[in-house]
Amino acid sequence: MGKRRLVIFIILLVFSINNSFSQSIIKGSVKDSINNKSVYSNVILKDTNDKIITYTITKNDGSFELSTPQIGEFYLQISALSYQTQQIDVVVNNENEFTFDVLLQPKSLVLDEVVVEGNRLITIKKDTIIFDAQSFAQGNEEVVEDLLKRIPGLNIDEYGTIKIGDKEVEKVMVEGDDFFEHGYKVLTKNMPSQPIDKVEVLQNFSNNRLLKGIEESDKVALNLTLKEDAKRVWFGNLKGGYDISFNNRFEAKGNLMNFGKKNKFYFLTNFNNIGYDATGDINHLIRPFRFNEPASIGDDQSADYFSQLNANPLNFKRSRTNFNNSKVLSFNAIFNPTKKLKIKALTFFNSDENQYFRNRIDNVDVNGTSFTNTEDYELEKSKNVLFGKIEMINNVSKNQMLEGVTKYNYDVRLDKSDLLFNENPINENLNNLNFLFDQKITYTNKIKDKTTLLLTGRYINESIHQDYEIDNFIFQDLFTDSENIDVIEQLLNNNMTFAGFEAHLLKRSSKGHLIELKAGNKYRKDILNSSISLIEDQTPFSQPQGYQNNFKYLTNDTYLDNKYRFEIKDFALIGKLQFHQLFNKIETQDINKSQNPFFINSSFGLDWKLNRMNRVRTTFANTNTNLKLIEVYNNYTLNGFRDFHRGTGDFNQLEASSSTLQYQFGNWNDRFFSNTTIVYSKNHDFLSTNSLISPNFSLSENIIIKDRELFDIKTNFDYYLKSLQSNFKVELGYTQSDFKNIVNDSDLREVENINFKYGAEFRSAFNGIFNFNLGTKWTRNQITTTRTLSITDNMSFIDLNLILNEKWDTQIQTERYYFGNLQNDNTYYFLDLSIRYQPKENKLALFLDGKNLLNTATFRSFSISDIGTTTTEYRLLPRFILVKAECRF
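For clarity, every value in this text was computed on a predicted model and none was experimentally measured.

About the criteria used
- Residues numbered from 1 in each chain as written.
- Predicted model: local features only at pLDDT ≥ 70, side-chain atom pairs only at ≥ 80, totals over all residues.
- Heavy atoms only, no water.
- Helix = DSSP H or I, 4+ residues; strand = E, 2+ residues; numbered from the N terminus.
- Rg over C-alpha atoms; globule rule 2.2 N^0.38 Å.
- Contact = heavy atoms within 4.5 Å.
- Lys, Arg positive; Asp, Glu negative; His and termini not counted.
- Charge placed at Lys NZ, Arg CZ, Asp CG, Glu CD.
- Pairing = 2+ DSSP bridges.
- Axes fitted to C-alpha atoms, helices over the stretch in contact; angles between N-to-C directions.
- Buried < 20%, exposed > 50% of the residue type's maximum accessible area, 1.4 Å probe, protein only.
- Patch = residues over 30% accessible without salt bridge, like charges linked within 9 Å, V, L, I, M, F, W, Y side chains within 5 Å.
- Areas by Shrake-Rupley, 256 points an atom, 1.4 Å probe, with all protein chains shown as cover.
- Salt bridge = Lys/Arg side-chain N within 4 Å of Asp/Glu carboxyl O.

(A) Representation of the overall build of the chain. Across its full length, the chain carries six helices and 48 strands. Computed over its C-alpha atoms, the radius of gyration of the chain comes to 29 Å, within 12% of the 29 Å expected for a compact globule of 889 residues. Counting only C-alpha atoms and orienting by the principal axes, one finds that the chain spans roughly 95 × 65 × 65 Å. Taking the intrachain contacts of the chain between residues at least 6 apart in sequence as the baseline, contacts between residues at least 24 apart amount to 64%. Separation of charge centres in the chain, based on 103 positive and 111 negative side chains, amounts to 8 Å.

Below, the structure written as structure tokens:
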């Protein structure tokens with residue numbers, strides 16, 4: 001009953017908050033003097049002080065609708081290109097709805113744009129919202145990421161991920177051209193913000209220009225336009241700093257760029273050992289994943305690593321534990337040799353040396369087995385990544401386009417650890433080599449005004465080689481006759497080849513209905529070769545049976561997808577059917593078998609825009625998923641210093657059903673915006689594990705179990721307090737999942753996991769010298785098996801910005817972490833300080849940066865699982881103070 005009450009409480013809270021902002025609806029239509037519908041007219045509601053309350057744009061039928069929670073006297077301003085601006089007095093009282101029909105008169109003056117927020121210029125042009133960068137900048141921004149944090153409606157998390165509302169941006173372009181695709185963090189974390197003139201938010205964005213206005217897109221992208229003095233000239237910056245607190249910390253970076261009309265160049269470099277991540281997750285650059293996007297065949301294909309050494313802390317700022325020595329170089333160019341041909345070239349090199357220091361205590365209590373393991377762990381990771389990409393776009397004609405992309409990636413990683421496990425010294429060495437070649441060609445033909453055909457072919461080859469060695473043998477209870485073994489080694493090769501072709505037809509009718517037909521074939525071949533050797537006195541002693549893999553897995557998927565979107569004004573029904581004929585094959589030394597299953601995936605949903613402020617979307621889906629190599633291989637591999645794992649050893653498809661309800665109140669650029677998503681899913685078949693756990697080793701294998709359920713509800717509220725010039729955010733989340741597994745020959749165990757998150761943030765946007773940002777986030781997690789374990793954690797922060805004048809500014813960042821399940825040392829505080837002095841504006845700047853000024857040396861966290869509890873302590877980067885200088889040219 002307690003769980004049900006909690007869920008009901010959250011749902012009631014969501015709708016009660018939304019209803020508390022009761023809205024008066026103002027709607028109507030706009031026509032010109034000869035009774036034609038006026039499309040894309042600007043409709044703005046202002047108060048008697050000429051302050052904008054809200055705004056919208058007329059639709060294709062000339063209608064408009066907006067709402068306001070306020071009452072009083074207002075006036076409605078309607079404007080359009082080449083027409084006289086009309087104003088209508090409106091008195092909003094207790095009535096809920098007002099209707100106006102507006103007739104515009106011709107005017108000789110052409111209005112180019114509409115300014116919709118006082119001195120802070122926001123321009124609306126159809127699907128594009130343009131922010132004047134300098135109107136929102138506070139003066140202490142260094143890189144693009146700092147500037148974007150000031151733009152209302154844009155949310156940037158600690159990893160640099162940019163979201164608008166609840167949706168991550170597709171890319172960040174400069175002057176209409178894209179360098180890094182979904183790896184945009186390389187740009188936003190390095191490019192200086194000073195040259196930026198405008199930030200454009202591109203709504204309903206299409207990656208393919210010939211699909212604009214045809215595909216149903218809710219994607220969002222950003223485009224940065226430059227100041228005139230930064231166009232068609234070379235400019236950049238150099239910045240360097242060194243630690244004066246005798247910890248030998250340093251930072252050096254530079255940018256050189258030229259954004260001409262025909263050619264664009266961007267070169268960047270970053271060297272540092274202060275824990276700063278200058279690239280974000282580079283997999284977003286190397287393997288951008290576009291789910292359900294036209295011409296995205298193969299985006300979900302990659303080879304898997306089997307063994308990994310990691311020590312990253314969860315729910316904690318990575319820069320505080322990242323003892324790094326990072327080097328980044330990137331050379332990027334865009335050429336336009338002809339009007340029809342565009343060539344993009346990118347070369348990216350990243351070298352990094354990371355150290356992590358961790359102490360850990362695992363308390364295991366499961367099915368009559370109880371023990372405690374201790375680890376004193378030092379990990380060194382070294383990587384060298386070389387990535388290159390060449391993209392050619394040939395605009396054959398107005399309605400035809402040919403795109404070709406070739407990518408390569410060479411990735412070498414050397415990991416080694418010094419581990420004290422239950423007072424036994426163990427050294428690990430893991431060498432990884434990854435090579436990727438990826439070629440894609442797409443032909444697009446806009447057959448008619450609202451009909452487009454895409455033909456896409458793709459070939460991917462990726463290979464992974466891993467050499468994993470452990471120099472202290474602790475598996476005497478697992479392998480017989482192994483008393484004199486001193487080393488265990490695993491050699492593993494995983495090679496993946498993918499080839500696919502797809503034809504995709506999109507047709508939008510005159511009434512707005514959209515039909516999509518997609519047919520294609522995907523072929524994938526995985527070859528896994530792994531061998532575990534027991535070594536005595538540097539001589540191989542044995543290769544135990546059941547721990548060697550010579551496994552070939554082939555899948556061929558011939559498919560036909562059709563999707564139909566039926567629209568009636570602001571109401572749409574969406575249906576989808578996917579027909580899949582699979583040809584699966586497994587080959588080993590002992591087995592050669594095949595399977596040819598046929599299945600249908602289906603989904604049905606609706607998209608209902610009740611009015612400008614309210615939107616409801618639902619989806620009901622039934623899916624079947626074919627298992628991957630890492631889920632089906634038949635013999636054990638060594639994945640960690642005491643962990644062995646294997647797959648099912650057989651073909652399987654997993655069936656699942658899901659229901660989604662999403663309610664959106666307002667839009668991300670409104671004063672009040674909220675978004676609530678409720679998901680219920682049931683896995684009729686799901687992958688679980690059968691595990692044997694002991695102090696010195698863990699053996700687990702994948703098994704198929706029936707019926708797993710998940711319920712998830714997330715909601716967020718974003719409200720701009722105009723009187724306080726501040727933004728207030730609230731986030732709530734509740735997740736409950738139920739699954740089953742087997743541990744130590746137990747019967748099927750039922751496991752229930754409940755997670756509850758809630759937090760709030762308050763950010764000021766004053767025009768004066770002082771601004772602040774404060775927030776808190778609580779997390780409660782509960783796991784129930786034959787017993788119940790729970791934890792409660794909290795993270796809070798206060799950031800202060802002080803801009804004394806054009807030359808001096810200061811930033812102070814504070815953080816507090818609290819772990820309720822730790823008996824001692826459960827609260828941690830951090831303080832960072834940055835002072836900047838600009839003797840020459842936009843030319844020279846001097847900095848004093850202090851990190852971890854309270855000199856917190858270690859950090860302990862507590863976590864729970866279905867088999868026990870874990871207490872982990874991490875060593876942190878000590879206090880350091882950098883003196884830095886930056887020059888711009």
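(B) Molecular detail of the sheet that holds strand E5 (residues 72-79). The strand order across the open sheet built from four strands is E3-E2-E5-E6, with neighbouring strands paired in antiparallel fashion. Each edge of the sheet is formed by a strand with only one pairing partner; in this case those strands are strand E3 (52-57) and strand E6 (86-92). Pairs of neighbouring strands in the sheet enclose a mean axial angle of 20°, with direction left out of account.

(C) Seen up close, the pairing of strand E2 (residues 42-47). Across the six residues of E2, six count as buried, placing the element largely inside the fold. Both E2 and E3 contribute to a ladder of five bridges, which runs antiparallel. The residue bridging Lys 46 from the neighbouring strand is Ile 52, located in E3. With six bridges joining them, E2 and E5 adopt antiparallel strand pairing. Looking at E5, one finds that Leu 45 is bridged to Leu 76.

(D) Fine view of the environment of Asn 424. When you line up the elements, Asn 424 lands in strand E24 (residues 424-448). Ignoring sequence-local partners within four residues, the contact set of Asn 424 consists of Leu 419 and Asn 472.

(E) Representation of the sheet that holds strand E9 (residues 128-132) in the model. Ordered in space as E8-E9-E14-E15-E13, the five strands form an open sheet in which the pairing is mixed. Two strands bound the open sheet, and with one partner strand each, they are strand E8 (122-125) and strand E13 (172-174). Sheet twist, expressed as the mean angle between neighbouring strand axes with direction ignored, is 20°. Relative to strand E14 (residues 196-202), E9 runs antiparallel, the two being bridged by five bridges.

(F) Examining a positive patch on the surface more closely. Among the surface-exposed residues, Lys 163, Lys 714, Lys 757 and Lys 777 lie close enough to one another that they form a single positively charged patch. Relative to the elements of secondary structure, Lys 757 occurs in strand E40 (residues 749-764).

(G) Representation of unusual backbone geometry. In the Ramachandran plot, Lys 569 falls in the positive-phi region, its phi being about 55° despite a non-glycine side chain. Within the fold, Lys 569 resides in the loop between strand E29 (548-568) and strand E30 (571-587). The class of Lys 569 is exposed, set by a relative accessible area of 80%.

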